[in-house]
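Summary of structural features
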Amino acid sequence: MIVTQPKKLNLHLFCRVVDNYGDIGVCWRLCKLLQAEHQINVACWVDDLASFQVLCPAVRLDLASQELEGVTIHHWTDSESDWHKQAQQVATADVVIEAFACNLPEQVILAMAKSKRPPVWINVEYLSAEAWVESCHGMISVHPQTGLKKHFFFPGMTSKTGGLIFSRDFKSKRDAFFARVTARSEFLSELGVSLSAQCVVVSLFCYPEAPVAQLLEVFAQASGKQIICLLPVGVATAAVQGFFGQQIEVGAVYQKGSCQLHVLPFVSQAAYDRLLWCCDLNFVRGEDSFVRAQLAGKPFVWHIYPQQDDAHVPKLEAFLNLYDAPIGSDLRAIWAAWNLLPESIALSDENANPFEKILALSEQMQPHAEKWAENLLNQGDFGSQLVQFIRQEIHKNSAKIS
Ligand code: TRH
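Residues numbered from 1 in each chain as written. Predicted model: local features only at pLDDT ≥ 70, side-chain atom pairs only at ≥ 80, totals over all residues. Heavy atoms only, no water.

Quick look at the sheet that holds strand β6 (residues 120–124) now. The sheet built from eight strands is open, its strands ordered β3-β4-β2-β1-β5-β6-β8-β7 with mixed pairing. In the strand order of this sheet, the two ends are held by β3 (65–68) and β7 (140–142), each with one partner. With direction set aside, neighbouring strand axes in the sheet form an average angle of 25°. In this sheet, strand β4 (residues 71–75) lies alongside strand β2 (residues 41–46) in parallel orientation, the contact comprising four bridges. The residue bridging Ala43 from the neighbouring strand is Thr72, located in β4. Across the sheet, helix α3 (residues 80–91) is in contact with β1 (10–15), β2 and β5 (95–99); its angle to β1 comes to roughly 130°. (Pairing = 2+ DSSP bridges. Helix = DSSP H or I, 4+ residues; strand = E, 2+ residues; numbered from the N terminus. Axes fitted to C-alpha atoms, helices over the stretch in contact; angles between N-to-C directions. Contact = heavy atoms within 4.5 Å.)

Okay, the packing of helix α12 (residues 312–323) against helix α13 (residues 328–338) next. At a minimum axis distance of 11 Å, the contact between α12 and α13 shows a crossing angle of 155°. Compared by their axis directions, α12 and α13 come out roughly antiparallel. Crossing of α12 over α13 shows right-handed handedness. Residues Leu316, Glu317, Phe319, Leu320, Asn321 and Tyr323 of α12 lie in contact with α13, whose contacting residues are Leu331, Arg332 and Trp335. (Parallel < 35°, antiparallel > 145°, perpendicular 65-115°, else oblique. Left-handed = near helix turned anticlockwise from the far one by under 90°.)

Moving on to the packing of helix α6 (residues 170–179) against helix α10 (residues 269–278). Relative orientation of the contacting elements α6 and α10 amounts to 45°, with a least axis distance of 11 Å. In terms of their interaxial angle, α6 and α10 are classed as oblique. As α6 runs across α10, the sense of the crossing is right-handed. For the pair α6 and α10, the contacting residues are Phe170, Lys173, Arg174, Phe177 and Phe178 in the first and Asp273, Arg274, Trp277 and Cys278 in the second. Classifying every residue of the contact of α6 with α10 gives five nonpolar, no polar and four charged. (Nonpolar A, V, L, I, M, F, W, Y, C, P; charged D, E, K, R; others polar.)

As enumerated under the stated definition, the model contains 18 salt bridges in all. The partner of Asp330 in a salt bridge is Lys357, and the shortest N-O contact between them spans 3.2 Å. Highlighted residues: Asp330 in helix α13 and Lys357 in the loop between α14 (342–347) and α15 (358–378), separated in sequence by 27 residues. Accessibility expressed as a relative area gives 27% for Asp330, which makes it partly exposed. Three or more residues are tied together by salt bridges with common partners; here these are Lys171, Arg174, Asp175 and Glu374. (Salt bridge = Lys/Arg side-chain N within 4 Å of Asp/Glu carboxyl O. Buried < 20%, exposed > 50% of the residue type's maximum accessible area, 1.4 Å probe, protein only.)

The strand order across the open sheet built from six strands is β11-β12-β10-β9-β13-β14, with neighbouring strands paired in mixed fashion. The two strands at the open ends of the sheet, each matched to only one other strand, are β11 (253–256) and β14 (300–303). Each strand of the sheet is rotated relative to its neighbour by a mean of 15°, with strand direction disregarded. Here strand β10 (residues 226–232) pairs with strand β12 (residues 259–264) via six bridges, running parallel.

A separate point is the site of the ligand. Around the ligand, the structure places 22 residues, and the nearest of them are Tyr207, Val267, Arg285, Asp288 and Ser289. In the environment of the ligand, an oxygen atom lies 2.8 Å from a nitrogen or oxygen atom belonging to the side chain of Arg285. Between the ligand and Glu287 there is a distance of 2.8 Å, counted from an oxygen atom to a backbone nitrogen or oxygen. Protein contacts shield 96% of the accessible area of the ligand, which totals 710 Å² for the unbound molecule. Of all the secondary-structure elements, those providing two or more residues to the shell around the ligand are α1 (22–38), α10 and α11 (288–296). Ranked by residue count, the leading element in the shell around the ligand is α1, at three residues. Residue composition of the shell around the ligand, grouped by class: ten nonpolar, seven polar and five charged. In this structure, the shell around the ligand is formed jointly by two domains, domain 1 (10–165 + 381–401) and domain 2 (170–378), each of which donates at least three residues. (Near = heavy atom within 4 Å. Polar contact = N/O pair within 3.5 Å; in protein donor to acceptor, adjacent residues only side chain to side chain. Areas by Shrake-Rupley, 256 points an atom, 1.4 Å probe, with all protein chains shown as cover. Domains from an automatic or database assignment.)

The next subject is a nonpolar patch on the surface. Together, Val18, Tyr126 and Tyr305 make up an exposed nonpolar region whose accessible area comes to about 290 Å². If you trace the backbone, Val18 turns up in the loop between β1 and α1. A relative accessible area of 62% means that Val18 is categorised as exposed. (Patch = residues over 30% accessible without salt bridge, like charges linked within 9 Å, V, L, I, M, F, W, Y side chains within 5 Å.)

With five of five residues buried, β6 lies mostly within the body of the structure. The two faces of β6 match: Val120, Ile122 and Val124 on one face and Trp121 and Asn123 on the other face are all buried. Bridge count for β5 against β6 is five bridges, and the pairing is parallel. Counted as the bridge partner of Ala99 is Val124 from β6. Taken together, the four bridges between β6 and strand β8 (residues 149–153) define a ladder with parallel strand orientation. Its bridge partner lying in β8, Val124 is registered against Phe153.

Interpretation in functional terms is not warranted from these geometric data alone.
What follows is the structure, given as structure tokens:
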């Protein structure tokens, strides 16, 4: 029997770095996965190579184009003369992905419109647990000037969305790590962290406004155990320095009461996954680390990316409703306090520390966190659902042309 391989697709993905590392973090993860698991030729256009370099130190800032891990990286500039030449090349691809509505260059849209076989144009959206996402997933908008169709593809945590980004071997790798008794201590010792018998390990990735000192105070006063807190360099520096009363530096260790804080370097995305797997509780933020914490199957606290006019508040609410944790109201109170939500500010009693019960609660959360991760992994990954959607669109388009 002759098995015909599907055609190898050419895909261009555009990413603008709005802030921090989440935009390029998600895009880079998706590019690598599409190339490695779906044999797609991937070109990634990114406007901020310096932010990309933090995630991926091999990125060179002086090159307009470079090849990394099988993906072609192009520095996306707004230079009209560059686009005059390059737009044609993008327009002949099978797929163009506009990440997070970043607006394709005008010249690319015009070249796509002139093409006999325009690429499938997809806008990969930000993650949200809000109900409207399910009804907008897969929807089309028609570009007013050219009539080109743009498809909206949403990641998500329900079966009516595109799912989350994870590799085929994610679960087996994670579970092998959990099963090997020494994996955690070996991994952490590479980062200069040694574990003691009665320790609880916590990672702390958040925005500068988080009430970090209040949390560290609870850790410092924990009795009968040591809380090992892992802080990526550059995160919550002012609050942590204020708490320990000294300058903090990468590689150094700070101790107050039962709280031992290690300042870690920014690690690779693969190593960050393992770091989350090592912890009993993870504080994560934005989009991509939030997803990784869910997939880790460990209890976590989410610092949502703060938006103007409190637009992030219903998003946080929607996730909490979907997550439906058994200790719902306690978890809600902690997440509200961590995110400085107006309700928690109004309710807060100056003498009460909102994180007082966090260590006991996170132990109780463990079974729910595991079940949640299993459900997400069973829903199928974003990359496979996206490729299936793209192939269907290509098939429909070629049927129309022939
Ligand atoms: O950096 P972020 O705050 O990014 C945010 C969000 O994406 C938000 O939705 C978006 O609107 C805003 O940027 C502009 O948080 P996030 O999404 O968790 O991205 C961090 C990335 O960094 C993620 O890919 C994980 C990665 N990372 C590492 O690879 N190593 C590390 O040591 C750490 C701490 C993170």
